[in-house]
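Spelled out from the first residue to the last, the chains are:
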Number of protein chains: 4
Amino acid sequence: MDINFYKANDINLDLAVEAREIIRGQTGQEIPGCIMDKESYDQATVTIVRIVEEYAEQIMGKPRGNYITIEAPVIRENNRQAHQEVVEVLGKQLATLIHLPEHANVLVVGLGNWNATPDALGPKVVGMTLVTRHMYNYAPEEIKGGMRSVSALSPGVLGLTGIETAEIIKGVVDKVKPELVIAVDALASRSAERIGTTIQLADTGIAPGSGIGNKRAGINQESMGVPVIAIGVPTVIPAAVIAGETLDRLVEQTKNEPQMQSIYQKMNSEAFQPIVNAILQPYTSGQLMVTPKEIDTLIENTAKIIAGGISIALHPSITVEEYTNYLH
Amino acid sequence: MDINFYKANDINLDLAVEAREIIRGQTGQEIPGCIMDKESYDQATVTIVRIVEEYAEQIMGKPRGNYITIEAPVIRENNRQAHQEVVEVLGKQLATLIHLPEHANVLVVGLGNWNATPDALGPKVVGMTLVTRHMYNYAPEEIKGGMRSVSALSPGVLGLTGIETAEIIKGVVDKVKPELVIAVDALASRSAERIGTTIQLADTGIAPGSGIGNKRAGINQESMGVPVIAIGVPTVIPAAVIAGETLDRLVEQTKNEPQMQSIYQKMNSEAFQPIVNAILQPYTSGQLMVTPKEIDTLIENTAKIIAGGISIALHPSITVEEYTNYLH
Amino acid sequence: MDINFYKANDINLDLAVEAREIIRGQTGQEIPGCIMDKESYDQATVTIVRIVEEYAEQIMGKPRGNYITIEAPVIRENNRQAHQEVVEVLGKQLATLIHLPEHANVLVVGLGNWNATPDALGPKVVGMTLVTRHMYNYAPEEIKGGMRSVSALSPGVLGLTGIETAEIIKGVVDKVKPELVIAVDALASRSAERIGTTIQLADTGIAPGSGIGNKRAGINQESMGVPVIAIGVPTVIPAAVIAGETLDRLVEQTKNEPQMQSIYQKMNSEAFQPIVNAILQPYTSGQLMVTPKEIDTLIENTAKIIAGGISIALHPSITVEEYTNYLH
Amino acid sequence: MDINFYKANDINLDLAVEAREIIRGQTGQEIPGCIMDKESYDQATVTIVRIVEEYAEQIMGKPRGNYITIEAPVIRENNRQAHQEVVEVLGKQLATLIHLPEHANVLVVGLGNWNATPDALGPKVVGMTLVTRHMYNYAPEEIKGGMRSVSALSPGVLGLTGIETAEIIKGVVDKVKPELVIAVDALASRSAERIGTTIQLADTGIAPGSGIGNKRAGINQESMGVPVIAIGVPTVIPAAVIAGETLDRLVEQTKNEPQMQSIYQKMNSEAFQPIVNAILQPYTSGQLMVTPKEIDTLIENTAKIIAGGISIALHPSITVEEYTNYLH
């Protein structure tokens, strides 16, 4: 049965590991052309999914490239020591995706709306990133050695600006001429435990239409003319997903009741949509979002960790400790 | 079938109209000792539920008293003119619950946490209420005529203070000696369309354990020693309710399939709880909340309307227009 | 005596009316090539300064162009009716500077830092402006009639982005290709009574180096390639100005004491600088700012008025009333 | 000459070290009955002023008691390691003023307005304090050993509540029955370098009329019935003080010009008031405040340090490191 079908069409689930999990669940087998690795750290598990062939690209609905997922439930706790370890894991993983000369010029972009807590992750990361471009030319050579010229931008969202976010970024890329763009965004997820605790890095950039807002044009090498690394963190679950999950699990639970299954077979996935619509009305799918009560703290902690990871990956001479002290 | 059973135990749904609706749906008949009236306005529908007998009290799970529900979907729109009409309806309805001499002393209490948007409604109303107590003794008699001595308090939440909210309020009541307490609180609801648009007034105060936070002791005539009017507005739906609603509606949708119904009959309501738990984990019921994306604006608008309604109900000489200008 | 000399070098006072006032005070005569008009409204006084000749340009330290100052002390009060009148005056005055066809494309830029209250005016105006560009192509002709295609941008500040603000704006201008840029900024002033209550419009754009932050490159026709209208509002007084004003007024007060004046004559303006430095240390001039306690409300009110004025000037078919209802 | 006279009457300068400094400057001698000690730490200087006799009490305008001032300019920097040292110094100094049994019950009060950045210090400290009272009775004995029962309250300000802050606190004290109240407040200062970097502890509580808002009734042993320790931090300079300082320093600078001095002698201190009033109008003294641009960060850092110091002083079994992890 394919209740997931309706979700896949309706709500973009952005994590490659989730996509892979769903597809393997449905097909009961590995996806050809999709390679997976795992690394374990004290405070984090890292899963690397490489989509290397066209078939995998199509079935996963994601372009060929490397997707690194860092799962660190400890972000939910207020444990500064453990957070520092996650910063180090993130910095190290991010560095594996960056192929740049020492003095390269990098633009960090924080997508999302700074006025809406769960969507403010990107702008918050921008506010905490160690920006050096305006001082870089004046810095003494011995300091420059291990640093790069980093600038940052919070372009806002289409509803506030009337301009496609990709257009704003491209305008600034044309001026600043970075050799790499790192775009940070809040994602929708289908899992409560991922909120604020899972970080996905992808060297494919951001595909058209993903994310929780109206960010329809892609932010990737094709549109920007330079490589784009996307850093995404689930911050919300669409309320429609909760409804969909409930149906899925009920089907799962009653799978030994043959009559039940035959009834479900008769209902096509369209039959579920009116149920979900009725529950969410007057809102449409994507307007009602689920967040934990402590979302503000969670976003704050995650933003600190991402800004730290970016800063140590871009400035190899900086330690995690120093980063904290540099930060304005 | 009683899927609602699990919800009723688990999550407190605070609106008398919702409770009545559910019970009538389950029993298929009117509730004895529970009287209902309706009034219609251009921008609002008013439903008055009076619980007058012990039987109704028990079945509704709410103490005897008057529950006035104002439904005004127009609060979701940014229509200042229409909002002013809702202020007037609220002021008028609130006045029907207030039985006080001209110069009475009233304390407005804003329950909730000012750092968490959906729970900040109460403190926001306090910030917008026309407070007069500190100037009342100096005011000339001709102004005093149509005004009352109003003070306001945002006591915070147990998690931040370590003190039961009711204890803080009682301490202040003992000093300020008001003749009436009006307590404003954010509520959980089972309906998306009620968020920010439904206002419930109740002359029974706030029962122990309601609300979306840890407000366990009652705030009512019994605990405060003076009458307490509660003003509640749904601002969130617990994510567990979305799951519950989905199950309910699926059952409803398949009610003509006798085999389906018999399977459901076999599953007792406890069978659903693990499904819901699995979806929400690692969070427990009540920690994951559903809100619309524009929750900030919605809370802001609703707070303005409630503060306006309180101000004109308490200061009969003030017009809605004047209230706006008085406000700091 | 020229105590002002030190201030002029040190702190950029951005209002043309203030510059004119100071120069006339110093020289005791009118400035050739600088024309002034006044208009009076119930809630606002409008002063139009036209710098038309090179001499005036040099002595005023401001490029040739039209500078319209709207003084409306009523913004400090919470009088919504009166504020609406100020919106109308602003809309009307702004329209006199706009020479655009009906369907022109306009970009509104909110300069400043959204995390620092007195510098957040620009971003706040952006958040309240009626943006239409993303919907303009889909709008029916009869609505388009009286509307223009408006987009908006909050570029951030150099310290956060590492990029000159003018570079970011130019990048976006190159993509959006507006026929006019309107740039809103918070200014420093030498007068407490102007804070939040004086609005200056200038069709010369923003000169290099003005404003309260690091906005060093000019935002004007020369740098942008299209006309730029600047809307500036004083939101702070540099603490150094308070010190300077005190010295000025002391000199003024003792001007009938010939010995006093001779002592002052002996002290050159450099003698005052160490006094000011000693008072402000460890901060340097421009880092310590004076604001009224109610600055948050004042900025909020002023932002609403400016966004309203811009919206009715750009969309001639919209009334002030309608604007309020359109606003998201 | 006594320009300070006008300031002393007009604006309450709350630091005992500042008061002592001014008086010694004016009289040129030590104050009898006022004892001073100094301690030096890597990141902080501690000055302990003990007012032990009535004469000192009168001339200092402060009640008999111990005033500990911690000066730590490093708070202005973003150096987490150094901040931790300041937390330890504060915790140790605070402990010298606390004479309580192991299981004592303590109420932390955060004075001020959470909506106005420089006045939000107290409420911010409350939000970061390790509150235990609501869990204390359930905690196992081995944990209780080194902890105390701590509760916290943000009473708001008179303008918002209509209730004297002291009345609200007393109401809560009567319920919670603490054996000690610790009241945290933002202060006015006459020195820019003290803003956010000087912490004063006083075992005399808060005298009537101090602070930057309307906190007219005293919060001290007399009014509360239990000892009150005040923790104050300068967060603003009244703009009038900048004007006064300018005049003082000008007089100082010209003290070798006998004619100048004689002119000043003729002007009494009232002559300066109109100068100051003219500069500040339409605001009155105390409404215009000077703050550094980075006031938000400074308040945030200071609040963290104070909350940390309070937490380790009250819970002797907690280390600075653990405190960070406990914190919600």
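Definitions and limits used
- Residues numbered from 1 in each chain as written.
- Chains lettered and ligands numbered in written order.
- Predicted model: local features only at pLDDT ≥ 70, side-chain atom pairs only at ≥ 80, totals over all residues.
- Heavy atoms only, no water.
- Helix = DSSP H or I, 4+ residues; strand = E, 2+ residues; numbered from the N terminus.
- Buried < 20%, exposed > 50% of the residue type's maximum accessible area, 1.4 Å probe, protein only.
- Contact = heavy atoms within 4.5 Å.
- Areas by Shrake-Rupley, 256 points an atom, 1.4 Å probe, with all protein chains shown as cover.
- Buried area = accessible area lost by both parts, 1.4 Å probe.
- Salt bridge = Lys/Arg side-chain N within 4 Å of Asp/Glu carboxyl O.
- Polar contact = N/O pair within 3.5 Å; in protein donor to acceptor, adjacent residues only side chain to side chain.
- Axes fitted to C-alpha atoms, helices over the stretch in contact; angles between N-to-C directions.
- Parallel < 35°, antiparallel > 145°, perpendicular 65-115°, else oblique.
- Left-handed = near helix turned anticlockwise from the far one by under 90°.
- Nonpolar A, V, L, I, M, F, W, Y, C, P; charged D, E, K, R; others polar.
- Expected span 1.5 Å × (residues − 1).
- Pairing = 2+ DSSP bridges.
- Phe/Tyr/Trp six-rings, centres within 6.5 Å; stacked < 30°, edge-to-face > 60°.
- Least-squares fit on C-alpha atoms with pLDDT ≥ 70 in both.
- pLDDT = per-residue confidence, 0-100.
- Core = buried A, V, L, I, M, F, W, Y, C linked by side-chain atoms within 4.5 Å.

Along the backbone of chain A there are 15 helices and nine strands. Per-residue burial over chain A gives 61% buried out of 328 residues. Excluding contacts between residues fewer than 6 apart, the proportion of contacts in chain A whose partners are at least 24 apart in sequence is 74%. When the accessible surface of chain A is totalled, it reaches about 12200 Å², and 48% of it is carbon and sulfur.

All right, on to the environment of R194 of chain A then. All names here are of chain A. Checked against the element boundaries, R194 lands in the loop between β6 (180-188) and β7 (198-202). Judged by relative accessible area, which is 8%, R194 ranks as buried. In sequence terms R194 and A72 are 122 residues apart; their C-alpha atoms lie 8.8 Å from each other. Sequence-distant contacts of R194, defined by excluding residues within four places in its chain, comprise L15, V17, E18, E21, E71, S189 and P234.

Residues and elements named next belong to chain D. Counting through the fold element by element, E141 comes out in helix α7 (residues 141-144). Look at E141 and you get exposed, because its relative accessible area is 54%. Along the sequence, E141 and E300 sit 159 residues apart, while their C-alpha atoms lie 34 Å from each other.

Contacts between the two partners involve 45 residues from chain D, matched on the other side by 45 residues from chain C. Both sides of the chain D and chain C interface together cover about 3800 Å² of buried area, and 65% of this is carbon and sulfur. Summed over the three residues of chain D that lose the most area to chain C, namely I279, Y283 and K293 of chain D, the buried surface amounts to 16% of that side. Linking chain D to chain C there are zero salt bridges. On the surface where chain D and chain C come into contact, there are four residue pairs in polar contact (both at pLDDT 80 or more).

Looking now at the packing of helix α5 (residues 121-128) of chain B against helix α14 (residues 295-314) of chain B. Helices that pack against each other are described as a pair by the angle of their axes relative to one another and the distance between those axes. All names here are of chain B. Where α5 meets α14, the axes come as close as 8 Å, and the angle between the chain directions of the two elements is 50°. Between α5 and α14, the interaxial angle falls into the category oblique. The two elements α5 and α14 meet at a crossing, and its hand is right-handed. Residues L121, K124, V125 and M128 of α5 form the contact with α14, whose participating residues are I299, E300, T302, A303, K304, I306, A307 and I310. Its residues assigned to classes, the contact of α5 with α14 comprises eight nonpolar, one polar and three charged.

It is worth spelling out unusual backbone geometry at this point. Here the residue pair Q281 of chain A and P282 of chain A is connected by a cis peptide bond, since its omega of 10° sits within 30 degrees of zero. Checked against the element boundaries, P282 of chain A lands in the loop between α13 (269-280) and β9 (288-292). You will see that K177 of chain B, though not glycine, has its phi angle at about 50°, which is positive. Residue position: K177 of chain B is located in the loop between α9 (165-176) and β6 (180-188). Looking at K177 of chain B, the relative accessible area reads 58%, which means it is exposed.

Now for helix α9 (residues 165-176) of chain A. Residues and elements named next belong to chain A. Counted at 1.5 Å a residue, the expected span for α9 with its twelve residues is 16 Å, and the 16 Å between its end C-alpha atoms agrees. Three or more residues of α9 are buried, namely T165, A166, I168, I169, G171, V172, V173 and V176. Where α9 terminates, the next one or two residues include K177, which has phi positive at roughly 50°.

Another point: the pattern of salt bridges. If you walk through the whole model with that rule in mind, you get 44 salt bridges over all chains. For D174 of chain B, the salt bridge identified is with K175 of chain D, shortest N-O distance 3.3 Å. Of this pair, D174 of chain B sits in helix α9 while K175 of chain D sits in helix α9 (residues 165-176), on two different chains. Residue D174 of chain B is classed as partly exposed on the basis of its relative accessible area, which comes to 30%. Given a relative accessible area of 31%, K175 of chain D falls into the partly exposed group. In this structure, a network of salt bridges that share partners links the residues E21, R190, E245 and R249 of chain A.

On to the pairing of strand β7 (residues 198-202) of chain C. Residues and elements named next belong to chain C. The element β7 is largely enclosed, with a buried count of five among its five residues. In β7, alternate side chains face the same way, and those of T198, Q200 and A202 on one face and I199 and L201 on the other are all buried. For strand β3 (residues 65-71) and β7, the ladder comprises five bridges, and the chain directions are antiparallel. Residue pairing in the sheet places I70 in a bridge with I199 of β7.

As enumerated under the stated definition, the model contains two aromatic pairs over all chains in all. Seen in terms of ring centroids, W114 of chain A and W114 of chain C are 4.0 Å apart; in terms of plane orientation they differ by 0°. Their pairing is stacked. Of the two residues, W114 of chain A is situated in the loop between β4 (105-110) and α5 (121-128) and W114 of chain C in the loop between β4 (105-110) and α5 (121-128); the pairing between them involves two chains. Note on W114 of chain C: relative accessible area 21%, which makes it partly exposed.

Mapping chain D onto chain C calls for a rotation angle of 180° and an axial translation of 0.0 Å; the resulting RMSD is 0.0 Å. Taken together, the turn and the small shift mark the pair as related by a two-fold rotation axis. Identified as the residue of chain D closest to the rotation axis by C-alpha distance is V290 of chain D, at 2.1 Å. Looking at chain D, 100% of its interface residues are interface residues in chain C too, so the copies touch through the same face.

Let's shift gears to the confidence of the model for chain A. All names here are of chain A. Averaged over all residues, the pLDDT of chain A equals 85, while 87% of them reach at least 70. Across residues 211-215 the pLDDT falls below 50, and counting only partners more than four positions away or on other chains, this stretch makes 19 contacts in the model. For this predicted complex, the interface confidence reaches an ipTM of 0.89, while the overall pTM sits at 0.89.

The biggest cluster of nonpolar side chains holds 140 residues, and the ones touching the most others in it are I199, I306 and I310 of chain C together with I199, I306 and I310 of chain D. The contacts of I199 of chain D, once residues within four sequence positions are left out, are I68, T69, I70, I75, L90, I231, G232, V233, I305 and I306 of chain D.

On to the environment of M135 of chain D, then. Residues and elements named next belong to chain D. Summarising the element assignment, M135 is placed in helix α6 (residues 133-136). Exposure remark for M135: the relative accessible area of 44% places this residue in the partly exposed category. In this structure the C-alpha to C-alpha distance between M135 and S149, which are 14 residues apart in sequence, comes to 8.5 Å.

A few words on the side chain of Q93 of chain C. Residue and element names in this part refer to chain C. Note that Q93 resides in helix α4 (residues 80-97). For Q93, a relative accessible area of 3% corresponds to the buried category. If near-sequence neighbours (up to four positions away) are discounted, Q93 is found in contact with E39, Y41, V46, I48, I68, I70 and L201.

This paragraph deals with the side chain of R20 of chain A. Residues and elements named next belong to chain A. Take R20: it is sitting in helix α2 (residues 16-27). For R20, a relative accessible area of 10% corresponds to the buried category. Polar side-chain contacts of R20 include one of 3.1 Å to the side chain of E30. Sequence-distant contacts of R20, defined by excluding residues within four places in its chain, comprise E30, I31, C34, M36, V49 and M60.

So, on to the pairing of strand β7 (residues 198-202) of chain B. Every other side chain in a regular strand lies on the same face of the sheet, so the side chains alternate between the two faces. As defined by bridge partners, β7 of chain B adjoins strand β8 (residues 228-238) of chain B across three bridges and the pair is classed as antiparallel. Across the sheet, residue L201 of chain B finds its bridge partner in β8 of chain B, namely I231 of chain B.

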